Amino acid sequence: MPRGVVPRQPARTGRQDRVKGARVPGTSAKTTKSVALPPKPRQATPKPSARPAKSKGYDPVAPERVAEILKRLDQMYPDVTCALTHSSAWELLVATILSAQSTDVNVNRVTPELFRKYPTVEAFAALTPEELEPDVRSTGFFRNKSKSVVGAAKKIVNDFGGQVPDDMEKLLTLPGVARKTANVVLGTWFKKGVGVVVDTHVHRISRRLELTKEDEPQKIEQDLMKVIPQEKWILFSHQIIWHGRKLCYARKPKCVDCPLEDICHAADKTWSTVEIHKNAKA
Ligand code: SF4
């Protein structure tokens, strides 16, 4: 090895993601000036132009990085949508309320019979929460969910002429409806991208991908709305939710199979070819 040349080290800045296709640090044929090079003894101070280029710093929400994430998500999940079975805005609203702390599979087991038994929003509005409880018990938190569904039905019938409103402010007046549920209904049924759905998958994966450092859904949504182009808000939510189901599990994500691996620096990766960042957590 020539004197003064040291093996290339993994970058400390996480800027490997700028190197297209560089999955394994140190395998590139290119050589770079490294800030880790020890000063050469008895050598004159180099001219400024000969110094290693100063790092500009890693920016996890740099537009080119976000664009690369979106491009790969498009390749992985080109036309995904909401997995909750529904045939109307009302059914989607009910299914989304029932999906809290449950799985879409579990909700889809319950809703066909539920909507056969109570086929209209008016039929739900005529119930008491206690009457609905047995039908939604298996989705968990059934007392609160029954109250929310019946309360929402009554308000929709009394205040909105029996139609689910296609407006965020009005949706937020419904019992049991927060921004996540409203965004699901607006995006999936009405095709209105007025926000980003932040469920447990979006929460976890947005942090792993360092698109946010926040922990509260509303703040995470605000961060995502700043870095994701608005026309992608609806699809991005669905893609991330599918990614959470397919690969990026809460425990033991399948990083070895993940096409985002070389641009993901999450602290809890199970396999990595790049430096991981301690502040990127699930
Ligand atoms: S590399 Fe691992 S942690 Fe990162 S997005 Fe992929 S599955 Fe999730």
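The sections below set out a description of the structure shown in this document.

Quick look at the overall build of the protein chain
In step 1: Secondary structure summary: the protein chain contains eleven helices and zero strands in total.
In step 2: Shown N-terminal to C-terminal, the secondary structure of the protein chain runs as helices and strands in the order α-α-α-α-α-α-α-α-α-α-α.
In step 3: Split into buried and exposed, the 282 residues of the protein chain put 43% on the buried side.
In step 4: Put simply, of all contacts in the protein chain between residues at least 6 apart along the chain, 60% involve residues at least 24 apart.
In step 5: Counting only carbon and sulfur atoms, one obtains 54% of the accessible surface of the protein chain, whose full area is about 15,900 Å².

So, helix H2 (residues 89–98)
In step 1: Among the ten residues in H2, ten count as buried, and that is most of the element.
In step 2: Residues of H2 that are buried include every one of Ala-89, Trp-90, Glu-91, Leu-92, Leu-93, Val-94, Ala-95, Thr-96, Ile-97 and Leu-98, and no others.
In step 3: Where H2 is buried, its residues touch helix H3 (104–117), helix H4 (121–125), helix H5 (129–136), helix H6 (142–159) and helix H8 (179–189).

Quick notes on the nonpolar core
In step 1: Membership of the largest hydrophobic core comes to 63 residues, with the highest contact counts inside it found for Trp-90, Leu-114, Phe-124, Leu-132, Leu-224 and Phe-236.
In step 2: Contacts of Leu-114, omitting those with residues within four sequence positions, involve Val-94, Leu-98, Phe-124, Leu-132, Asp-135 and Val-136.

Side note on the side chain of Thr-212
In step 1: Inspection of the secondary structure assignment puts Thr-212 in the loop between helix H9 (200–208) and helix H10 (217–227).
In step 2: Residue classification places Thr-212 among the buried positions, given a relative accessible area of 4%.
In step 3: At a separation of 3.0 Å, a polar atom in the side chain of Thr-212 contacts the main-chain amide nitrogen of Glu-214.
In step 4: A polar contact of 2.6 Å, which involves the side chain of Thr-212, links it to the side chain of Asp-223.
In step 5: Among residues more than four places away in sequence, those in contact with Thr-212 are Ser-206, Arg-207, Ile-220 and Asp-223.

Regarding the pattern of salt bridges
A side chain with one charge may pair with a side chain of the opposite charge, provided their charged atoms come close.
In step 1: With the rule as written, the count across this model stands at 17 salt bridges.
In step 2: The residue Lys-117 makes a salt bridge to Asp-135 at a minimum N-O spacing of 2.8 Å. Of this pair, Lys-117 sits in helix H3 while Asp-135 sits in helix H5, and the two are 18 residues apart along the sequence.
In step 3: The class for Lys-117 is partly exposed, based on a relative accessible area of 41%.
In step 4: Ionic pairing is found between Glu-221 and Arg-179, a salt bridge with its closest N-O pair at 2.7 Å. With Glu-221 in helix H10 and Arg-179 in helix H8, this pair connects stretches of sequence that are 42 residues apart. Of the two residues, Glu-221 and Arg-179, both sit in the buried class.
In step 5: Put simply, Glu-68, Lys-71, Arg-72 and Asp-262 are held in one network by salt bridges that share partners.

Points about the packing of aromatic side chains
In step 1: Under the criterion given, the structure shown has three aromatic pairs.
In step 2: Plain terms: the ring middles of Trp-90 and Phe-124 are 5.4 Å apart, the flat faces sit at 70 degrees to each other, and that makes the pair edge-to-face. Taken together, the residues span a long stretch of sequence, with Trp-90 in helix H2 and Phe-124 in helix H4 at a distance of 34 residues.
In step 3: Assessed through its relative accessible area of 8%, Trp-90 is described here as buried.
In step 4: Looking at Phe-124, the relative accessible area reads 0%, which means it is buried.
In step 5: Arranged with centres 5.5 Å apart and planes meeting at 55 degrees, the rings of Tyr-118 and Phe-124 form a pair that is tilted. Pair check on accessibility: Tyr-118 and Phe-124 agree, each one buried.

Looking at the environment of Pro-217
In step 1: Looking at the element boundaries, Pro-217 is found in helix H10.
In step 2: Counting along the chain gives 18 residues from Pro-217 to Asp-199, while the straight-line C-alpha distance between them is 7.7 Å.

With respect to empty space enclosed by the protein
Any empty space left between atoms is shown by rolling a water-sized probe over those atoms.
In step 1: Using the criterion set out here, one finds two cavities of 30 Å³ or more in the structure.
In step 2: Taken as a whole, the largest cavity encloses approximately 140 Å³ of empty space.
In step 3: Roughly 50 Å³ of internal volume is contained in the second largest cavity.
In step 4: Split by residue class, the lining of the second largest cavity holds five nonpolar, six polar and one charged.

Describing unusual backbone geometry
In step 1: The backbone of Gln-101 shows a phi angle near 60 degrees, a positive value even though the residue is not glycine.
In step 2: Mapped onto the elements, Gln-101 comes out in the loop between H2 and H3.
In step 3: Although it is not a glycine, Lys-252 adopts a positive phi angle of roughly 50 degrees.
In step 4: Mapped onto the elements, Lys-252 comes out in the segment after helix H11 (233–246).

What counts, and where the lines are drawn
- Residues numbered from 1 in each chain as written.
- Predicted model: local features only at pLDDT ≥ 70, side-chain atom pairs only at ≥ 80, totals over all residues.
- Heavy atoms only, no water.
- Helix = DSSP H or I, 4+ residues; strand = E, 2+ residues; numbered from the N terminus.
- Buried < 20%, exposed > 50% of the residue type's maximum accessible area, 1.4 Å probe, protein only.
- Contact = heavy atoms within 4.5 Å.
- Areas by Shrake-Rupley, 256 points an atom, 1.4 Å probe, with all protein chains shown as cover.
- Core = buried A, V, L, I, M, F, W, Y, C linked by side-chain atoms within 4.5 Å.
- Polar contact = N/O pair within 3.5 Å; in protein donor to acceptor, adjacent residues only side chain to side chain.
- Salt bridge = Lys/Arg side-chain N within 4 Å of Asp/Glu carboxyl O.
- Phe/Tyr/Trp six-rings, centres within 6.5 Å; stacked < 30°, edge-to-face > 60°.
- 1 Å grid on protein atoms, 1.4 Å probe; cavity = no way out; pocket = protein on both sides within 12 Å on 5 of 7 lines; lining within 4 Å.
- Points joined across faces, edges and corners; volume = space filled by probe spheres on them.
- Nonpolar A, V, L, I, M, F, W, Y, C, P; charged D, E, K, R; others polar.

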